[in-house]
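Secondary and tertiary structure notes
Listed here are the chains, written in short residue letters.
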Amino acid sequence: MRQAMSTSISPLATPFPALPAVAGTTPRVARARYKTWDRCDLTFVTLDAGTAVAGVLTQSKCPSPEVEWCRKALVLGQARALVVNAGNSNAFTGNRGRAAVEAIAARAAGQLGCQPSDVFVASTGVIGVPLPIDKAEAGLDAAFTAAPTDWRAVAEAIGTTDTYPKGAIATAVVDGRTVTLVGVIKGSGMIAPDMATMLGFIFTDAAVEPAFLQAALSAANGKTFSCITVDGDTSTSDTVLAFATGKAGNAPLADSDSPGADAFRAALADLCRQLAMLVVRDGEGAQKLIEITVAGAESDRSAHRIAMSIANSPLVKTAIAGEDANWGRVVMAVGKAGEPAERDKLAIRFGAVEVARDGLAVEGYDEAPVAAHLKGREVEIGVDLGLGDGRATVWTCDLTHGYISINADYRS
């Protein structure tokens, strides 16, 4: 019997979709018992020979040994297995942490008869506690003999403070064949990625060359995972990996000119966006999903930085939690972003209602539709700087007492 990830499910949660098996992948889960919980916390996915891999990894200057391991392995572009540990991030653990990753990769490689560099490892949970090698190896041994499972079980096993399992699917027609992409992700707090978000894993039966897979994933990340934030904190362990088994039988996608390349890239971007939204919807303590669009900036990059300044502002996020259309807090967040902005050209809206324009409150605007909009589960904030054509959209959630409660006793 599966144990619920949390007794209190986010009000923004969406049902887990029906995800098909992906040819060339075999997922299994087991109990390594990294924490005192009665649930599976180790995931082992085997990948057929010839599987290509790409990834985006945290830009934190204090990355986990797993991130360093994956960064080196990605250069080779091939994968035979994925191991994910939940409950212990193994970050900031020195040589003991590195030894744990090496032991995990070696044990999995020995089971599969491949090189340790073909095994990708990711861990999530408490920082500063070395991953116990004995538990990891016992968990792996259990996974080796476990029955194959489904993607929902994987999504549940990789979670920590998540309140619901997260998965998504997309398809594309490539070279006359329908290829499938499925993804699972975990993430709820410590979300302000510079590259990805917590731990996310994508599997496709499409045949894709590693270099093109990397280019497509990096492009998708820029518009999805790198456009979400929960609390402004970038994890030491953020990792998104994409695996392409090639079992669909299409002519391998090698570059942008390959038949079906555009369709594949669009499907991958769609899948990444779905996964990113699932993380924001499960922000720790979240009650509202907030979409922030900044237009009229001098560049897209400038618009993105301003949008993230708004999204990461505790004052903006608490105002939305309190259903208060305090547009002055949005002005504050625009001004502190350090990007070009002119007060007397600024316009702000909540939902479809403009509340400020030309540096002033809109005289006599109707507050009733604004109040109604803020009472909903999904809130839109729009800013127009009136300076250029730069535009960006990011997503965040409100900041409630629940966030404090979860993180005040995270280690217990």
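In case you missed it, the structure is sitting above this.
**Considering the overall build of the chain**
Tallying secondary structure elements over the chain gives eleven helices and 14 strands in all. Against the 2.2 N^0.38 benchmark of 22 Å for 412 residues, the chain shows a C-alpha radius of gyration of 22 Å, consistent with a compact globule. For the chain, the spread of C-alpha atoms along the three principal axes comes to 70 × 50 × 35 Å. In the chain, buried positions account for 55% of the 412 residues. Sequence-distant contacts in the chain: of pairs separated by 6 or more residues, those separated by 24 or more amount to 81%. Surface summary for the chain: the accessible area is close to 16,600 Å², and the carbon and sulfur share equals 51%. Distance between charge centroids for the chain: 5 Å, based on 37 positive and 45 negative side chains.

**Looking at the sheet that holds strand β10 (residues 347-350)**
The mixed open sheet is built from six strands, whose spatial order is β12-β11-β10-β13-β9-β14. Across the chains shown, the open sheet's two edge strands, defined by having one partner strand only, are β12 (360-361) and β14 (390-397). Inspection of the sheet shows β10 paired to strand β11 (residues 353-357) by three bridges, in the antiparallel sense. In the strand pairing of β11, R349 is matched with E354. Seen against the sheet, helix α6 (residues 261-281) touches β9 (289-297), β13 (378-384) and β14 and runs at an angle of roughly 45 degrees to β14. Here helix α10 (residues 367-374) sits on the sheet and contacts β10, β11 and β13; the angle it forms with β13, its principal contact strand, is near 125 degrees.

**Here we look at helix α5 (residues 210-223)**
An α-helical turn contains 3.6 residues, so any two residues separated by three or four positions project in the same direction. Spanning 14 residues, α5 covers 21 Å between terminal C-alpha atoms, matching the ideal 20 Å at 1.5 Å per step. Listed in full, the buried residues belonging to α5 are F212, L213, A216, L217, A220 and N221. Viewed end-on, α5 has its buried residues packed into an arc of 165 degrees, placing them on one side of the element. Of the residues in α5, the exposed ones pointing more than 90 degrees away from the buried face are A211 and A219. Packed against the buried residues of α5 are β2 (42-57), β7 (199-204), β8 (239-244) and α6.

**Observations regarding the pattern of salt bridges**
Taken as a whole and judged by the stated rule, the model has 16 salt bridges. The closest approach of N and O atoms between D282 and K166, which form a salt bridge, is 2.6 Å. Within this pair, whereas D282 is found in the loop between α6 and β9, its partner K166 is found in strand β5 (residues 166-174), the two being separated by 116 residues in sequence. Across the pair D262 and R265 runs a salt bridge whose closest N-O atoms are separated by 2.5 Å. Residue D262 and its partner R265 are both found in helix α6; the two are separated by three residues, about one turn of the helix.

**Description of the pairing of β14**
Most of β14 sits out of view: six of its eight residues are buried. Across seven bridges, β9 lies against β14 in antiparallel orientation. Among the inter-strand pairings, I292 is bridged to a residue of β14, identified as V394.

**Structural notes on the packing of aromatic side chains**
Scanning the entire structure with this criterion turns up four aromatic pairs. With a centroid separation of 5.2 Å and an interplanar angle of 70 degrees, the aromatic rings of F44 and F144 are classed as edge-to-face. Remark: F144 occurs in helix α3 (residues 133-145) and F44 occurs in strand β2; sequence separation between them is 100 residues. Using a relative accessible area of 2% as the deciding quantity, one classes F44 as buried.

**Details of the packing of helix α1 (residues 65-74) against helix α2 (residues 94-112)**
Where α1 contacts α2, the axes come no closer than 9 Å and their chain directions differ by 50 degrees. As the angle between them shows, α1 and α2 are arranged oblique. Relative to α2, α1 is oriented so that their crossing is right-handed. Two secondary-structure elements touch here, α1 through P65, E66, E68 and W69 and α2 through G97, R98, V101, E102 and A105. Taken together, the residues that form the contact of α1 with α2 break down as four nonpolar, one polar and four charged.

**Examining the nonpolar core**
Judged by nonpolar contacts, the single largest core of 77 residues is most densely connected at F264, I310 and F350. What F264 contacts, discounting residues up to four positions off in sequence, is A172, V174, V179, L181, T204, A206, V208, F212, L213 and L253. F16, V45, V67 and V184 belong to the second largest nonpolar core, which has 30 residues in total.

**What to know about the packing of α5 against α6**
Two elements in contact, α5 and α6, have axes separated by 9 Å at closest approach and are oriented at 45 degrees. As summarised for this structure, α5 and α6 are arranged oblique, according to the angle between their axes. The two elements α5 and α6 cross, and the hand of that crossing is right-handed. Contacts from F212, L213, A216, L217 and A220 in α5 reach A261, F264, R265, L268, A269 and C272 in α6.

**Things to note about helix α8 (residues 314-321)**
When α8 is considered as a whole, its buried residues turn out to be V316, K317, A319 and I320. Along the axis of α8, the buried positions cluster into a sector of 160 degrees, meaning they face one direction only. Just beyond α8, the residue with positive phi is E323, at close to 55 degrees.

Rules and cut-offs
Sequence order as written defines the numbering, with residues in each chain counted from 1. Per-residue local features are limited, in this predicted model, to residues with pLDDT of at least 70; the limit for side-chain atom pairs, both in listing and counting, is 80 or more; totals at the level of whole chains, interfaces and linings are taken over all residues. Side-chain measures here rest on the full set of heavy atoms in the structure, leaving out hydrogens and waters. We count a stretch as a helix when DSSP gives it H or I for four or more residues in a row; a strand needs E for two or more, and each element gets its number in order from the N terminus. We compute the radius of gyration over the C-alpha atoms and compare it with the globule rule, which gives 2.2 Å times the number of residues raised to the power 0.38. Accessibility here uses a 1.4 Å probe with only protein chains present; expressed as a share of the type maximum, an area under 20% marks a residue as buried, one over 50% as exposed, and anything in between as partly exposed. The contact rule is simple, with two residues in contact once any of their heavy atoms fall within 4.5 Å. Accessible surface is estimated by sampling points in the Shrake-Rupley manner with a 1.4 Å probe; for residues, cover comes only from the protein chains shown. None of His or the chain ends enter the tally, which takes Lys and Arg as positive and Asp and Glu as negative. Throughout, a charge is located at the NZ atom of Lys, the CZ atom of Arg, the CG atom of Asp or the CD atom of Glu. When DSSP finds two or more bridges between a pair of strands, those strands are recorded as paired. Note on geometry: axes are C-alpha line fits, over the in-contact stretch for helices, and angles between N-to-C directions span 0 to 180 degrees. A helix is expected to reach a length of 1.5 Å times the quantity of its residues less one. Working note: the arc is built from the helix axis to C-beta atom directions. Any Lys or Arg side-chain nitrogen located within 4 Å of an Asp or Glu carboxyl oxygen qualifies as a salt bridge. In this scheme Phe, Tyr and Trp rings, the latter by its six-membered ring, pair at centre separations within 6.5 Å, and the angle between planes marks the pair as stacked below 30 degrees, edge-to-face above 60, and tilted otherwise. Reported orientations rely on four angle classes, namely roughly parallel under 35 degrees, roughly antiparallel over 145, roughly perpendicular from 65 to 115, and oblique for the rest. Take the far helix as your reference; a near helix turned counterclockwise from it by less than a right angle gives a left-handed crossing, and one turned clockwise gives a right-handed crossing. Gly is placed with the polar residues, together with every amino acid not listed as nonpolar (Ala, Val, Leu, Ile, Met, Phe, Trp, Tyr, Cys and Pro) or charged (Asp, Glu, Lys and Arg). We define a nonpolar core as any set of buried Ala, Val, Leu, Ile, Met, Phe, Trp, Tyr and Cys residues linked to one another through side-chain atoms lying within 4.5 Å.

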